[in-house]
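Geometric and topological summary
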Amino acid sequence: MRMIFCLGMLLLSPLLAIEWDDTIVVCPNCKAANNFKKASFGQHSLDQMYYGPSKFHYVFWPHTDKESLYSCLDCGLTLFMMDFYNISQEKLPEIRKILKDIPLPAGYRNYVDIPMYLKLSSAEKIYQTLGKSDELWGEFYRIFAYHLERDSQLAKKKVQEEKTKLDKKEKHSNSHSPALLTFSSLFRPLSKYLLADNALGSMRQAKAQSWKEENDFLKQEAEKNCKRALEQAQKMIADARYTTTRKELLFIAGAMQYHLKNPLKAEENFQKALSLQYSNPIYMNEAQAQGHNQYLNELLNEFLKKIKE
Ligand SMILES: [Zn+2]
């Protein structure tokens with residue numbers, strides 16, 4: 001449980017911080033030099049990292065940032081930062097076969113600008129070759145859902161922005177007197193301006209429509225990934241090997257139910273989780289596990305409050 005181990009350590013650290021600096025990374029597959037970002041310590045507080053909105057997807061930095069998902073602009077190899085550095089050479093021939101079937105996102109000069117949906121879809125295919133444990137797949141799907149949900153919210157905001165511009169334009173058009181419009185048609189430059197203005201209106205309508213379609217698509221895909229994360233969590237809850245970390249798994253299952261708009265099922269999972277004590281003898285000492293247990297209780301109570309709102 002790599003992520004959980006890190007989280008346990010971080011919760012006991014007084015200060016950790018996040019920043020992204022420029023770096024050049026040679027692709028382990030095609031040897032192209034890529035301009036990527038590397039994580040470094042700065043002056044951000046622990047609160048920002050573990051008490052930000054991503055906690056409701058149980059997703060944490062660096063996975064909350066687009067910079068953490070590297071994607072070679074030459075061959076399309078797409079993996080999270082550490083996996084990109086540590087990929088086994090033996091796996092490369094198999095990965096090359098997969099890369100042939102993954103279309104390279106065209107027209108991007110910066111890997112951060114490639115939509116997360118495209119990058120995560122590519123990464124998923126590559127990770128299927130590399131293999132991941134149940135908990136890491138669960139984490140992957142939560143990261144997938146988190147980014148798509150966030151991008152769908154941005155698309156929704158764009159729909160609203162375009163609609164507001166259209167409304168303003170309509171109000172403005174209605175304020176024109178018919179006399180002015182007739183008059184304006186006699187003057188080519190002004191008439192041209194009005195034509196352009198109408199074209200702009202249609203363009204905004206088209207833009208609003210396209211943002212709406214993007215929002216719908218991303219929402220649907222986010223939901224799909226929430227369901228996959230939920231299935232992983234449920235599978236692990238039923239597995240006796242994960243008894244000591246069941247509290248965390250119940251939290252995750254409840255969180256996914258919440259995002260899937262099943263508040264009653266979410267609450268049921270959260271209440272069960274609250275009654276359990278977290279421990280993780282392989283990766284955490286007693287104090288770390290106690291800290292993590294406390295953190296989970298805080299999240300559970302916060303989520304329960306959210307449901308009642
Ligand atoms: Zn490459």
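Here, the structure is the one placed above.
Residues numbered from 1 in each chain as written. Predicted model: local features only at pLDDT ≥ 70, side-chain atom pairs only at ≥ 80, totals over all residues.

Looking at the pairing of strand β1 (residues 19-26)
- Burial runs low along β1: only zero of the eight residues are buried.
- In the sheet, β1 pairs with strand β2 (residues 33-40) via eight bridges, with the strands oriented antiparallel. Across the sheet, residue Val25 finds its bridge partner in β2, namely Asn34.
- In textbook terms, the turn of a hairpin is the stretch between consecutive antiparallel strands, and for β1 and β2 this stretch comprises six residues, one of which, Lys31, has a positive phi near 70°. (Buried ≥ 20, exposed ≤ 12 C-beta atoms within 10 Å, placed from the backbone. Helix = DSSP H or I, 4+ residues; strand = E, 2+ residues; numbered from the N terminus. Pairing = 2+ DSSP bridges.)

Quick notes on the environment of Ala206
- With respect to the element layout, Ala206 can be found in helix α8 (residues 188-237).
- Accessibility expressed as a C-beta count within 10 Å gives 11 for Ala206, which makes it exposed.
- Through-space distance from the C-alpha of Ala206 to that of Glu162 is 9.3 Å; in sequence the pair is 44 residues apart.

Topic: the packing of helix α10 (residues 263-274) against helix α11 (residues 286-308)
- Relative orientation of the contacting elements α10 and α11 amounts to 150°, with a least axis distance of 10 Å. Classified by the angle between their axes, α10 and α11 sit roughly antiparallel to one another. Where α10 crosses over α11, the handedness of that crossing is left-handed. Two secondary-structure elements touch here, α10 through Pro263, Ala266, Glu267, Phe270, Ala273 and Leu274 and α11 through Leu296, Asn297, Leu300, Phe303, Leu304 and Ile307. (Axes fitted to C-alpha atoms, helices over the stretch in contact; angles between N-to-C directions. Parallel < 35°, antiparallel > 145°, perpendicular 65-115°, else oblique. Left-handed = near helix turned anticlockwise from the far one by under 90°. Contact = placed C-beta atoms within 7 Å.)

Here's the deal with the nonpolar core
- With 51 residues, the main nonpolar core has Ala145, Ala229, Ala233, Phe251, Ile252 and Met256 as its most contacted residues.
- Only β3 (69-71), α4 (92-100), α5 (116-130), α6 (134-174), α8, α9 (246-259), α10 and α11 provide two or more residues apiece to this core.
- Take this core: its biggest share by element is eight residues, from α9.
- When residues of this core are assigned to domains, at least three map to each of domain 1 (1-131) and domain 2 (239-309).
- Setting aside residues no more than four positions away along its own chain, Ile252 makes contact with Tyr58, Gly138, Ala229 and Ala233. (Core = buried A, V, L, I, M, F, W, Y, C linked by C-beta atoms within 7 Å. Domains from an automatic or database assignment.)

Things to note about α11
- With 23 residues, α11 extends 33 Å between its outermost C-alpha atoms, agreeing within 8% with the 33 Å of an ideal straight helix rising 1.5 Å per residue.
- Taken residue by residue, α11 has Gln288, Ala289, His292, Tyr295, Leu296, Leu299, Leu300 and Phe303 as its buried positions. (Expected span 1.5 Å × (residues − 1).)

Focus on unusual backbone geometry
- The omega angle of the peptide bond from Trp61 to Pro62 is 10°, so this bond is cis rather than trans.
- Within the fold, Pro62 resides in the loop between α2 (46-50) and β3.
- Of note, the phi angle at Lys261 is positive, near 65°, even though the residue is not glycine.
- Structurally, the position occupied by Lys261 is in the loop between α9 and α10.

Considerations on the packing of α9 against α11
- Packing of α9 against α11 leaves a shortest axis separation of 11 Å and a crossing angle of 25°. By the angle between their directions, the pair α9 and α11 is classed as roughly parallel. Every pair of crossing elements has a handedness; the one defined by α9 and α11 is left-handed. Along its contact with α9, which presents Lys247, Glu248, Phe251, Gly254, Ala255 and Tyr258, the element α11 presents Leu296, Leu299, Leu300, Phe303 and Ile307.
- Partitioned by chemical class, the residues of the contact of α9 with α11 number eight nonpolar, one polar and two charged. (Nonpolar A, V, L, I, M, F, W, Y, C, P; charged D, E, K, R; others polar.)

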